[in-house]
Amino acid sequence: MGLKALCLGLLCVLFASHFYTPMPDNIEESWKIMALDAMAKICTFTAMCFENMGIMRYEEFISMIFRLDYTQPLSDEYITVTDTTFVDIPVRLYLPKRKSETRRRAVIYFHGGGFCFGSSKQRAFDFLNRWTANTLDAVVVGVDYRLAPQHHFPAQFEDGLAAVKFFLLEKILTKYGVDPTRICISGDSSGGNLATAVTQQVQNDAEIKHKIKMQVLLYPGLQITDSYLPSHRENEHGIVLTRDVAIKLVSLYFTKDEALPRAMRRNQHMPLESRHLFKFVNWSILLPEKYRKDYVYTEPILGGLSYSLPGLTDSRALPLLANDSQLQNLPLTYILTCQHDLLRDDGLMYVTRLRNVGVQVVHDHIEDGIHGALSYMTSPFYLRLGLRIRDMYVSWLDKNL
Ligand SMILES: *[C@@H]1O[C@H](CO)[C@@H](O)[C@H](O)[C@H]1NC(C)=O
Ligand SMILES: *[C@@H]1O[C@H](CO)[C@@H](O)[C@H](O)[C@H]1NC(C)=O
């Protein structure tokens, strides 16, 4: 008995130490973040074991866990919540119940989840969108675009664009009582990628009459052209999102072929004729010195992938690849970046690129921030950092939208 308990104890310690990531100093609620990081790493480990044993694919296991967290559309005293479709794209719609003298503001939200996971139905995003609708007395739409690996690029982007275009139709804005001059597109992480790409498209499409007033990008992923940025190096084994996981997920956006993540890990995945794109993601120019530190810039090596994937050079997939004239027409932009985040430098470089062409950008950087914090603000973690980001986001919208 004693021996068994001792063995079990030892095993636990061994297990815990294997999944332990040292926490940066001064991080708020570090024990919670340590716990959720360990949980994320255990899930990844288990999913990889299952995949290697041929039981199920990595992403099937993870998406099973995500689905446990989906909620029903629950209306309350103030907001009517319905699951409906825009064209044929599922959305969760939040309509304030109170009578309004004037037309309302509106927010279209793209949830994160690495293009593979998640939904507006997830507890945290349902909570966020309801909170936004309530606080701003606004119409909010959570878009459930198709997911990888069942669907690859451009499915996710096209669903996002189709849902936004549908919402911007005169008759739909009238139906929901929305003011066409006060519409925002928001998103976090991979949802921030879709928000960015869709906003670029909408603002540059002469056929779309109503334009977007602003975009909000919360720790967005905007490129993988260079997979060896300073934030990739600092967070290679980082909290919640490691470089391996990020590369696996973004690869699945394009293909199931394992050759892509292999080439991406070596930063050799870009096609031969794509060198002209590197200037758009050249961190040695675009990143403020504070984040460049003493890292030495090395150019990605071309042609490590034996076939060409058009998505890799497409700004609809990797919106940092848009050229300056595509960025010029963009609306007021709020970008939030987190220090301890693999995707930190994507957001920072977009701030520079937008400012370089005269787009008005408000940038907040959270020194003790981690990737994906919004997803942990509800049960079981109730992460204060997530609530802090929610409050920054919603109060900025309230002042500016
Ligand atoms: C990136 O920027 C550096 C200057 O910091 C420059 O020497 C290099 O040629 C640039 N590379 C590309 C591909 O733009
Ligand atoms: C920018 O990209 C757009 C779309 O790909 C293209 O039509 C345009 O010619 C490009 N502009 C410049 C200055 O390269």
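Heads up: the structure comes first, above all this text.
Definitions and cut-offs
- Residues numbered from 1 in each chain as written.
- Chains lettered and ligands numbered in written order.
- Predicted model: local features only at pLDDT ≥ 70, side-chain atom pairs only at ≥ 80, totals over all residues.
- Heavy atoms only, no water.
- Helix = DSSP H or I, 4+ residues; strand = E, 2+ residues; numbered from the N terminus.
- Rg over C-alpha atoms; globule rule 2.2 N^0.38 Å.
- Buried < 20%, exposed > 50% of the residue type's maximum accessible area, 1.4 Å probe, protein only.
- Contact = heavy atoms within 4.5 Å.
- Areas by Shrake-Rupley, 256 points an atom, 1.4 Å probe, with all protein chains shown as cover.
- Pairing = 2+ DSSP bridges.
- Phe/Tyr/Trp six-rings, centres within 6.5 Å; stacked < 30°, edge-to-face > 60°.
- Near = heavy atom within 4 Å.
- Polar contact = N/O pair within 3.5 Å; in protein donor to acceptor, adjacent residues only side chain to side chain.
- Right-handed = clockwise from strand over helix to strand, strands pointing away.
- Expected span 1.5 Å × (residues − 1).
- Salt bridge = Lys/Arg side-chain N within 4 Å of Asp/Glu carboxyl O.

Colleague: Which parts of the structure should I look at to understand the overall build of the protein chain?
Modeller: Looking only at helices and strands, the protein chain features 15 helices and eight strands. Over its C-alpha trace the protein chain gives a radius of gyration of 21 Å, about what one expects of a compact globule, namely 21 Å for 401 residues. With respect to the three principal axes, the spread of C-alpha positions in the protein chain is 70 × 55 × 40 Å. The buried share of the protein chain, reckoned over its 401 residues, is 57%. In the protein chain, 74% of the contacts between residues at least 6 apart in sequence involve partners at least 24 apart. Here the protein chain has roughly 17400 Å² of accessible surface; of this, 57% comes from carbon and sulfur atoms.

Colleague: Help me out: how do you make sense of the pairing of strand β2 (residues 89–96) in this one?
Modeller: Regular strands place their side chains on alternate faces of the sheet. Among the eight residues that make up β2, six are buried, leaving the element largely enclosed by the rest of the structure. In terms of strand pairing, strand β1 (residues 79–86) meets β2 through eight bridges, oriented antiparallel. Residue pairing across strands places Val81 opposite Tyr94, the latter belonging to β2. Where β1 folds back onto β2 in an antiparallel hairpin, the turn is made up of two residues, including Val87, whose phi is positive at roughly 55 degrees. With four bridges connecting them, β2 and strand β4 (residues 139–143) associate as antiparallel partners. When the sheet's bridge partners are listed, Tyr94 is paired in β4 with Val140.

Colleague: I tried to follow the packing of aromatic side chains on my own but got confused; where do I start?
Modeller: Centre distance and the angle of the planes are the two values used to describe a pair of aromatic rings. Within this structure, the stated rule accounts for 15 aromatic pairs. With centroids separated by 5.0 Å and ring planes inclined at 40 degrees, the aromatic side chains of Phe86 and Phe166 adopt a geometry described as tilted. Of this pair, Phe86 sits in strand β1 while Phe166 sits in helix α5 (residues 155–167); the two residues are 80 residues apart in sequence, bridging distant segments of the chain. For the ring pair Phe153 and Tyr253, a centre distance of 5.6 Å and an interplane angle of 80 degrees mean the geometry is edge-to-face. A residue pair is termed long-range when its members are at least 10 positions apart, and Phe153 in the loop between β4 and α5 and Tyr253 in helix α9 (residues 243–254) qualify at 100 residues. On the accessibility criterion, Tyr253 (0% relative accessible area) is buried.

Colleague: What am I meant to see in the site of ligand 1 here?
Modeller: Around ligand 1, the neighbouring residues are Arg275, Phe278, Lys279, Asn282, Ser284, Ile285, Tyr297 and Glu299. Between ligand 1 and the protein, one listed contact pairs an oxygen atom with a side-chain N or O atom of Asn282 at 2.4 Å. Ser284 has a polar side-chain atom sitting 2.8 Å from an oxygen atom of ligand 1. About the coverage of ligand 1: the protein hides 56% of its 360 Å² of free accessible area.

Colleague: When you look at the site of ligand 2 in this model, what are you seeing that I'm missing?
Modeller: Near ligand 2 you find Asn323, Ser325 and Gln326, and these make up its full shell. Asn323 has a polar side-chain atom sitting 2.3 Å from an oxygen atom of ligand 2. Ser325 places a side-chain nitrogen or oxygen 3.3 Å from a nitrogen atom of ligand 2. Protein chains bury 26% of the 360 Å² of accessible surface belonging to ligand 2 in isolation.

Colleague: Please explain the pairing of strand β6 (residues 214–218) as it appears in this structure.
Modeller: For β6, a buried count of five out of five residues is recorded, marking the element as mostly surrounded by other parts of the structure. Side chains Met214, Val216 and Leu218 project from β6 onto one buried face, and the interleaved Gln215 and Leu217 project onto a second face that is buried too. Where strand β5 (residues 178–188) meets β6, five bridges bridge the pair, whose relative direction is parallel. Across the sheet, residue Gly187 finds its bridge partner in β6, namely Leu217. The handedness of the β5 to β6 crossover, carried by helix α7 (residues 190–204), is right-handed. Direction of pairing for β6 relative to strand β7 (residues 332–340): parallel, over a ladder of five bridges. Following the sheet pairing, Leu218 is matched in β7 by Leu336.

Colleague: When you look at the side chain of Asn235 in this model, what are you seeing that I'm missing?
Modeller: Looking at the element boundaries, Asn235 is found in the loop between α8 (230–234) and α9. Other than its neighbours up to four places away in sequence, Asn235 contacts Leu241, Thr242, Arg243, Gln339, His340, Asp341 and Leu342.

Colleague: In this structure, what is going on with α5? I would like to understand it.
Modeller: Residues separated by three or four positions in an α-helix point in the same direction, a consequence of the helix having 3.6 residues per turn. Between its terminal C-alpha atoms α5 stretches 18 Å, which fits the 18 Å expected from 13 residues at 1.5 Å a residue. Within α5, burial applies to Ala155, Gln156, Phe157, Asp159, Gly160, Leu161, Ala163, Val164 and Phe167.

Colleague: So what exactly am I meant to see when it comes to the pattern of salt bridges here?
Modeller: Overall, the coordinates contain 27 salt bridges when judged by the stated rule. A salt bridge links Glu28 to Arg388; its shortest N-O distance comes to 2.9 Å. Of the two residues, Glu28 sits in the loop between α1 (2–18) and α2 (30–52) while Arg388 sits in helix α15 (residues 384–400), which places them 360 residues apart along the sequence. Of the residues examined, Glu28 reaches a relative accessible area of 23% and is grouped as partly exposed. Between Asp126 and Arg130 there is a salt bridge, with the nearest N and O atoms lying 3.4 Å from each other. Here the residue Asp126 and the residue Arg130 both occupy positions in helix α4 (residues 123–136), the gap between them amounting to four residues, near one helical turn.

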